[in-house]
Amino acid sequence: MTFGRHSKQALDMRAAGKSKSEIEQLTNTTVAIHDASFEVKQGETFVLIGLSGSGKSTLLRCLNGLIHPTQGSVFLNRENIATMSNKQLQEVRRNKIGMVFQNVGLLPNRSVLDNVTFGLEIQGVGLKERTKKGEAALEMVNLQGQGHKKIDQLSGGMQQRVGLARALATGQEVLLMDEPFSALDPLIRREMQKLFLEIQNEVHKTVIFVTHDLDEAFRLGHRAAVMKDGKIIQIGTAEDFISEPATDYIRQLVQDIDYSKVRKAECAMIEVKNNTYKQESPVHRVSRDCPLRDVLPLIAENNGPIAVVNGEDQLEGIITVESIISSLTGSAKQAYSEEDYLNPKYRKEMV
Ligand SMILES: Nc1ncnc2c1ncn2[C@@H]1O[C@H](COP(=O)(O)OP(=O)(O)O)[C@@H](O)[C@H]1O
Ligand SMILES: [Mg+2]
């Protein structure tokens, strides 16, 4: 994607290895994106991360056709968004791809509920149904009962939640989020991240989330793509970036990451073979994606293994002090049976 008159020349120069700034000086044309291929799975939170000017917003806007890429394709399922007419694109944005911005773009004259249901109104959904959907969305973002308020009666964090509710209410399967929390102060930002994770755990949308904050990227994202000067230089999980950084730039980028924040419970989990484990069992339970940092104090407190359970509270594995150590040193995991785990004698031995 280029901005400027000499698109072809600029892209050729970029392909030949000239830098973005060099090309800008020579041709007065910006190569905003160049060489940025990626695939996002259904239900995944995929993060685009990079410094300001690296092309994140431009790439996001190409995804929903707000701008037409000079070159390349954007597929939603099998349809190429890059070649759609404006009418088709409107349809796609209305029904398939929603967007949440940093400065949320709420309508100050409308009530909170009317803002949330605005997208549904455009979709032609009747008043009764859209009120129902709007109220359900407000509940998801913990704003139940606030629907009648005016937007300017709400704090910045609350407004951001209204923006999120609007995107949820409209029901598009894909959600593009361009630095939605970047303007919020740190405490509220963390709250919003937590809320996002809770909601995403329930709705499993396909989210493409832009941020320049590494902690946010790996807290929220399953995978991330690191962009630099319009190019994606590595795609992967936090662990991929740490264990196999593609370039020195990535190595520098991730050097300050707190390993225990990034590593999830599942990395240190010993799988169990059968899972008829009962909910009443008096042990700590965590989900696969719980950060190891949060597991460690539980292990200390429990003086024994921690259970890893799925959404239905069925046992998927256990974490022990040893399994954490071996996950850090990379030694092989052993499979244990549930009987082993629930056997008090064995549990004692494991501690
Ligand atoms: N409408 C535009 N016209 C000209 N240049 C643009 C335009 N939008 C973005 N750019 C340029 O494209 C590059 C990428 O910008 P952007 O996608 O906004 O980056 P990011 O979101 O990562 O900060 C920058 O060099 C920016 O100046
Ligand atoms: Mg941007």
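Going by what an unreviewed UniProt entry lists, the chain is known as Carnitine transport ATP-binding protein OpuCA and is assigned to Paenibacillus beijingensis. The chain has a UniProt comment under Subunit (unreviewed entry) that states "The complex is composed of two ATP-binding proteins (OpuCA), two transmembrane proteins (OpuCB and OpuCD) and a solute-binding protein (OpuCC)." For the chain, the Catalytic activity (unreviewed entry) comment in UniProt is given as "a quaternary ammonium(out) + ATP + H2O = a quaternary ammonium(in) + ADP + phosphate + H(+)".

Asker: Help me out: how do you make sense of the sheet that holds strand 12 (residues 285–286) in this one?
Answerer: Spatially, 11-14-13-12 is the arrangement adopted by the 4 strands of the open sheet, whose pairing is mixed. Looking along the sheet, the strands with just one partner apiece sit at the ends: strand 11 (270–271) and strand 12. Taken together, the 2 bridges between strand 11 and strand 14 (residues 315–319) define a ladder with antiparallel strand orientation. Bridging from a neighbouring strand, E271 pairs with G317 of strand 14.

Asker: Where do I start with the packing of aromatic side chains in this structure?
Answerer: Aromatic ring pairs are reported here in terms of the distance separating the ring centres and the angle at which the planes meet. According to the stated counting rule, one finds 4 aromatic pairs in the structure shown. Measuring from ring centre to ring centre gives 5.7 Å for F218 and F241, while their planes differ by 50°; the resulting arrangement is tilted. Remark: F241 occurs in helix 11 (residues 238–243) and F218 occurs in helix 10 (residues 214–220); sequence separation between them is 23 residues. For F241, a relative accessible area of 0% corresponds to the buried category. Here the aromatic cluster, defined as three or more aromatic residues joined through ring pairs, consists of F181, F196 and F209. The positively charged end of K228 is found above the aromatic ring belonging to Y249, 5.3 Å away from the centroid.

Asker: It is not clear to me how the pattern of salt bridges should be interpreted in this structure. Could you clarify?
Answerer: Between side chains of opposite charge, pairing is possible as soon as their charged atoms come close. Scanning all chains against the criterion turns up 15 salt bridges. In this structure, R223 engages E44 in a salt bridge whose closest nitrogen and oxygen atoms are separated by 2.5 Å. Taken together, the residues span a long stretch of sequence, with R223 in strand 9 (residues 223–228) and E44 in the loop between strand 2 (30–31) and strand 3 (45–49) at a distance of 179 residues. Using a relative accessible area of 5% as the deciding quantity, one classes E44 as buried. Taking the shortest distance from any N to any O, the salt bridge between D213 and R189 comes out at 3.8 Å. Here R189 lies in helix 9 (residues 186–203) and D213 lies in the loop between strand 8 (206–211) and helix 10, a separation of 24 residues in the sequence. A single network of salt bridges, built from pairs that share partners, joins R110, E121 and R130.

Asker: How should the site of ligand 1 be read in this particular structure?
Answerer: Within the structure, ligand 1 sits among F3, K20, T30, A32, L51, S52, G53, S54, G55, K56, S57 and T58. One of the backbone N or O atoms of S54 is found 3.2 Å from an oxygen atom in ligand 1. The contact in question runs from an oxygen atom of ligand 1 to an N or O atom on the side chain of S57, over 2.8 Å. Protein contact buries 62% of the 560 Å² of open area that ligand 1 shows by itself. Top element by residues in the shell around ligand 1 is helix 3 (residues 56–63). It accounts for 3 residues. In the shell around ligand 1, the residues fall into 3 nonpolar, 7 polar and 2 charged. Counting contributing residues, the shell around ligand 1 receives three or more from each of domain 1 (1–31) and domain 2 (32–259).

Asker: I keep staring at the environment of I319 and nothing clicks. Help me out?
Answerer: Mapping I319 onto the fold places it in strand 14. I319 sits 13 residues away from I306 along the chain, and the two C-alpha atoms are 5.1 Å apart. Ignoring any residue separated from it by four or fewer positions in sequence, one finds I319 in contact with A265, A268, M269, V295, I299, P305, I306, V308 and I324.

The rules behind the values
Per chain, residue numbering runs from 1 following the sequence as it is written. Numbering of ligands from 1 and lettering of chains from A proceed in the order in which they are written. This being a predicted model, a pLDDT of at least 70 is required before a residue's local features are given, and a value of 80 or more before pairs of side-chain atoms are given or counted; all residues contribute to the totals for chains, interfaces and linings. With hydrogens and water stripped out, all remaining heavy atoms of the structure feed into the side-chain values. UniProt positions are given in the numbering used here, feature names are shortened, and annotations may be inferred rather than shown by experiment. Here a strand pair is declared whenever DSSP counts at least two bridges between the two strands. Only DSSP runs of H or I reaching four residues or more are called helices, and only runs of E reaching two or more are called strands; each is numbered from the N terminus. Stacked, edge-to-face and tilted are the three classes for Phe, Tyr and Trp ring pairs, Trp counted by its six-membered ring, which pair at centre distances within 6.5 Å; planes under 30 degrees apart are stacked, over 60 edge-to-face, the rest tilted. With a 1.4 Å probe rolled over the protein chains alone, any residue whose accessible area is under 20% of its type maximum counts as buried; one over 50% counts as exposed, and the rest are partly exposed. Whether a charge lies above a ring is judged from NZ of Lys or CZ of Arg, which has to be within 6 Å of the ring centre and within 35 degrees of the ring normal. Just to be clear on terms, a salt bridge is a Lys or Arg side-chain nitrogen sitting within 4 Å of an Asp or Glu carboxyl oxygen. For this purpose, a residue is taken to be near a molecule or strand whenever a single non-hydrogen atom of the residue falls within 4 Å of it. Here a polar contact is recorded for every N or O atom pair within 3.5 Å, except that within protein the pair must consist of a potential hydrogen donor and a potential acceptor, and residues adjacent in sequence are included only if both atoms are side-chain atoms. Calculation of accessible area relied on Shrake-Rupley with a 1.4 Å probe; when residues are assessed, cover is drawn exclusively from the protein chains displayed. By the convention adopted, Pro, Cys, Tyr, Trp, Phe, Met, Ile, Leu, Val and Ala count as nonpolar, Lys, Arg, Asp and Glu as charged, and the other residues, Gly among them, as polar. Domain segmentation is taken from an automatic or database assignment of domains. What makes two residues a contact is simply this: any of their non-hydrogen atoms within 4.5 Å.

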